[in-house]
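Survey of secondary and tertiary structure
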Amino acid sequence: MPRILFLLFLIFNSYNSIAQELNCTVTVNSRQVEGSEKTMFEDLQRAVSEFVNNRKWTNDQFKIEEKIECNILINLSDRISTNKFKGTIQIQARRPIFGTNYYSPTMNVLDKNFTFEYNQFEPLQYTETSYDGELPAILSFYVYLILGFDYDSFSLEGGTPYFQTAMKILNNAQSSNETGWKAFEDQSNRYWLIENYMNGQFKPLRKLYYEYHRKGFDVMSTNPAEGTKAISDGLMALKPIHSVKPSSYNLQVFFNAKKDEIIQLYKGSTTANKQEIVTLLSLIDPGNANNYQKILSNK
């Protein structure tokens, strides 16, 4: 093999063996604030995409086909100053189901506490030991949540190291003047999202991520009854969380990602099983109680 081809072969295979973890599609909707500076927001979209996709976030090796599929949608609503913006950021992620072409959603969070500064052409910086600005802090926080949910879905509490890093980012951001990071501001913000996941009371929810995906959907193609039972048992185990913290933000985040999938799953169950699961879901996720009635319908 000629030397140049050999070197290209080594470079390609080296890249394959240490590929970054995320395959993230980033969209910036700036129609409400764009004005005549469209290129600034195109650069913002590129900067966020490069920050998320080109950084190595773990010590694990990912093959190209193992990258975590995710989406980040930034919707800008206000331009507070020349370089300061306000809006929302939505983060979605999914993971493949064994033996199928199907992807199951693992995360769907809409964060409305999104105010940040962006200086065009200035690279986004992140260090684990310090707060480097609102935009990189928020992006890094959610990247580690994406990783935490994904790893939890493959092994029991496998996402712990990534949730711990998200907690460090939260602690570093206590110096921020922006909302979303502090306990007293809201019950549905970044603080409570990670605080609850690290709290022992929410262990059944973390266990559900494993049972739902690894023992549930991953075996569905070979043993649908066993897979459905594992999911049902996991959902039933959420009742203690609801009893202690009804309508908690973490349960909302889970069901925001899963409700449509759950409805489709149980539509094929027996009548008795349908009624049982609808009763359970209406209790622990009352905000979607009307949606769960679809399970009882033949449509």
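Structure: see above.
Position numbers for residues start from 1 in each chain and track the written sequence from start to end. Totals for whole chains, interfaces and linings use all residues, but because this is a predicted model, local features are given only for residues with pLDDT of at least 70 and pairs of side-chain atoms are given and counted only at 80 or more. Here the side-chain values reflect all heavy atoms present in the structure, with hydrogen atoms and water set aside.

1. A short note on the overall build of the protein
- Helix and strand counts for the protein come out as eleven helices and four strands.
- Relative to a compact globule of 299 residues, whose C-alpha radius of gyration would be 19 Å, the protein shows 21 Å and is just as compact.
- Dimensions along the principal axes, computed over C-alpha positions, put the protein at roughly 60 × 60 × 35 Å.
- The 299 residues of the protein split such that 47% are buried. Helix and strand assignments come from DSSP, with helices taken as H or I runs of at least 4 residues and strands as E runs of at least 2, each series counted from the N terminus. Our radius of gyration looks at C-alpha atoms and nothing else; its globule reference is 2.2 Å times the residue count to the power 0.38. Accessibility here uses a 1.4 Å probe with only protein chains present; expressed as a share of the type maximum, an area under 20% marks a residue as buried, one over 50% as exposed, and anything in between as partly exposed.

2. Some remarks on the pattern of salt bridges
- Here, a salt bridge means any side-chain nitrogen of Lys or Arg that lies within 4 Å of a carboxyl oxygen of Asp or Glu. Scanning the model with the defined rule gives 14 salt bridges in all.
- As a salt-bridge pair, Arg-46 and Asp-43 come within 3.9 Å of each other at their nearest N and O atoms. Pair noted here: Arg-46 and Asp-43 are both in helix H2 (residues 38–53), with a separation of three residues, about one helical turn.
- Judged by relative accessible area, which is 35%, Arg-46 ranks as partly exposed.
- Residues Glu-50 and Arg-46 are paired through a salt bridge, measuring 3.3 Å at the closest nitrogen-oxygen approach. With Glu-50 and Arg-46 both in helix H2 and four residues apart, the pair spans about one turn of that helix.

3. A few points about the packing of aromatic side chains
- The pairing test for Phe, Tyr and Trp rings, Trp by its six-membered ring, is centres within 6.5 Å, and the orientation test on the planes gives stacked under 30 degrees, edge-to-face over 60, and tilted for anything in between. For the structure on display, the rule yields 21 aromatic pairs.
- When the ring of Tyr-126 is compared with that of Tyr-144, the centres are 6.4 Å apart and the planes differ by 50°; the resulting orientation is tilted. On the criterion of sequence distance, the pair formed by Tyr-126 in the loop between strand E4 (103–117) and helix H3 (134–154) and Tyr-144 in helix H3 is long-range, its members being 18 residues apart. Just as Tyr-126 is buried, Tyr-144 falls in that class too.
- A ring pair is formed by Tyr-191 and Trp-192, whose centres lie 5.0 Å apart and whose planes are at 80°; its orientation type is edge-to-face.
- Among the aromatic side chains, those forming a connected cluster through ring pairs are Tyr-102, Phe-149, Phe-163, Tyr-197, Tyr-209, Tyr-212, Phe-217, Phe-254, Phe-255 and Tyr-292.
- The ring of Phe-154 has Arg-95 sitting right over it, with the charged end atom 3.9 Å from the ring centre. Two conditions define a charge located above a ring, namely a distance within 6 Å from the ring centre to NZ of Lys or CZ of Arg, and an angle within 35 degrees of the ring normal.

4. Overview of empty space enclosed by the protein
- The distinction between a cavity and a pocket rests on a 1 Å grid over the protein atoms alone: a 1.4 Å probe fits inside a cavity but cannot get out, while a pocket stays open yet meets protein on both sides within 12 Å along at least five of seven lines, and a residue with an atom within 4 Å of a point counts as lining. Grid points are joined across faces, edges and corners, and a volume is the space filled by probe spheres set on the points. On inspection of all chains with the given rule, the structure shows one cavity of 30 Å³ or more.
- A volume near 70 Å³ is recorded for the largest cavity.
- Gln-125, Tyr-126, Thr-127, Glu-128, Ser-130, Tyr-131, Asp-132, Pro-136, Ala-137, Ile-169, Asn-172 and Ala-173 together form the lining of the largest cavity.
- Contributing elements (two or more residues each) for the lining of the largest cavity: H3 and helix H4 (160–172).

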